[in-house]
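Spelled out, the chains give:
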Amino acid sequence: MGLLSARAIRSSDRGMCLVAIFVLTSMSGSALPFLFCYLSLDPALMSAPFTTTEVEVVGVSIYFNLAQLILKLRKESLVINQ
C-alpha cells in the first residue's frame, strides 16, 4: 500500500507540473510577441530564445516547488494518521 501511494504521489506531482508548464508556455508564447512589438523589437527573433529560456527556468522551479508542497502535505498526513 505504501509503495502504491508513493507512486501515485510522484505521478500526480509530474502531471500537475506538466499542466502548469503547458499553461505557462502557451501564455508566454502568445503574449511575448506583442510585448516585443510594443518595445520596437523584432518579435520573431526575440520570442523564441526568450520563451525557451523562460520556460526552462520557470518549469524547473514549478516542479521543485510543487514537489516540495506535495511531499510536505504527505508528511503531515502521515503524522496525523499515526
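Above this text is the structure in question.
Remember, it's a predicted structure, so these values are computed and weren't measured experimentally.

Visitor: Looking at this structure, I do not really get the overall build of the protein. What am I missing?
Guide: Of the regular secondary structure elements, the protein holds two helices and zero strands. Expressed as a percentage of the 82 residues in the protein, the buried residues total 17%. Intrachain contacts of the protein at a sequence separation of at least 6 include 68% that bridge at least 24 residues. Summing over all exposed atoms, the protein offers an accessible surface of approximately 6,300 Å²; the carbon and sulfur share of this is 73%.

Visitor: In this structure, what is going on with unusual backbone geometry? I would like to understand it.
Guide: Only a minority of non-glycine residues have a phi that is not negative, and only a minority of peptide bonds are not trans. We note that serine 40 has phi near 60°; this positive angle belongs to a residue other than glycine. With respect to the helices and strands, serine 40 occurs in the loop between helix 1 (2-38) and helix 2 (43-81).

Visitor: What is the right way to read the environment of valine 60 from this model?
Guide: Relative to the elements of secondary structure, valine 60 occurs in helix 2. Taking C-alpha positions, valine 60 is 9.0 Å from cysteine 17, a pair spaced 43 residues apart along the chain.

Visitor: Just to check I follow, could you spell out the environment of serine 47 for this structure?
Guide: Turning to its location among the elements, serine 47 is positioned in helix 2. Separated by 17 residues in the primary sequence, serine 47 and serine 30 place their C-alpha atoms 9.4 Å from one another. Those residues in contact with serine 47 that sit more than four places away from it in its chain are Leu32, Pro33 and Phe36.

Visitor: Mind showing me how you'd approach the side chain of serine 28 here?
Guide: Mapped onto the elements, serine 28 comes out in helix 1. A polar side-chain atom of serine 28 sits 3.4 Å from the main-chain carbonyl oxygen of threonine 25. Ignoring anything within four residues of it in the chain, the contact list for serine 28 reads Pro33, Thr51, Glu54 and Val55.

Visitor: How should the environment of alanine 48 be read in this particular structure?
Guide: Examined against the element boundaries, alanine 48 turns out to sit in helix 2. On the accessibility criterion, alanine 48 (47% relative accessible area) is partly exposed. Through-space distance from the C-alpha of alanine 48 to that of leucine 32 is 9.5 Å; in sequence the pair is 16 residues apart.

Rules of the game
Note that residues are indexed from 1 along each chain, following the sequence as it is written. Only residues with pLDDT of at least 70 get local features here, since the model is predicted, and only at 80 or more are side-chain atom pairs given and counted; chain-wide, interface and lining totals rely on the full set of residues. The side-chain figures draw on all heavy atoms in the structure; neither hydrogens nor water molecules are used. A run of DSSP states H or I qualifies as a helix once it reaches four residues; a run of E qualifies as a strand once it reaches two. Both are numbered from the N-terminal end. Summary of the burial criterion: residues with accessible area below 20% of their type's maximum are buried, those above 50% are exposed, and those between are partly exposed, where the area comes from a 1.4 Å probe applied to protein chains only. Here, residues are in contact when the closest pair of their heavy atoms is within 4.5 Å. In short, Shrake-Rupley with a 1.4 Å probe defines the accessible areas, and a residue's cover is counted only from the protein chains shown. Think of a polar contact as two N or O atoms within 3.5 Å of one another; within protein, one of them needs to be a possible hydrogen donor and the other a possible acceptor, and neighboring residues in sequence only count if both atoms come from side chains.

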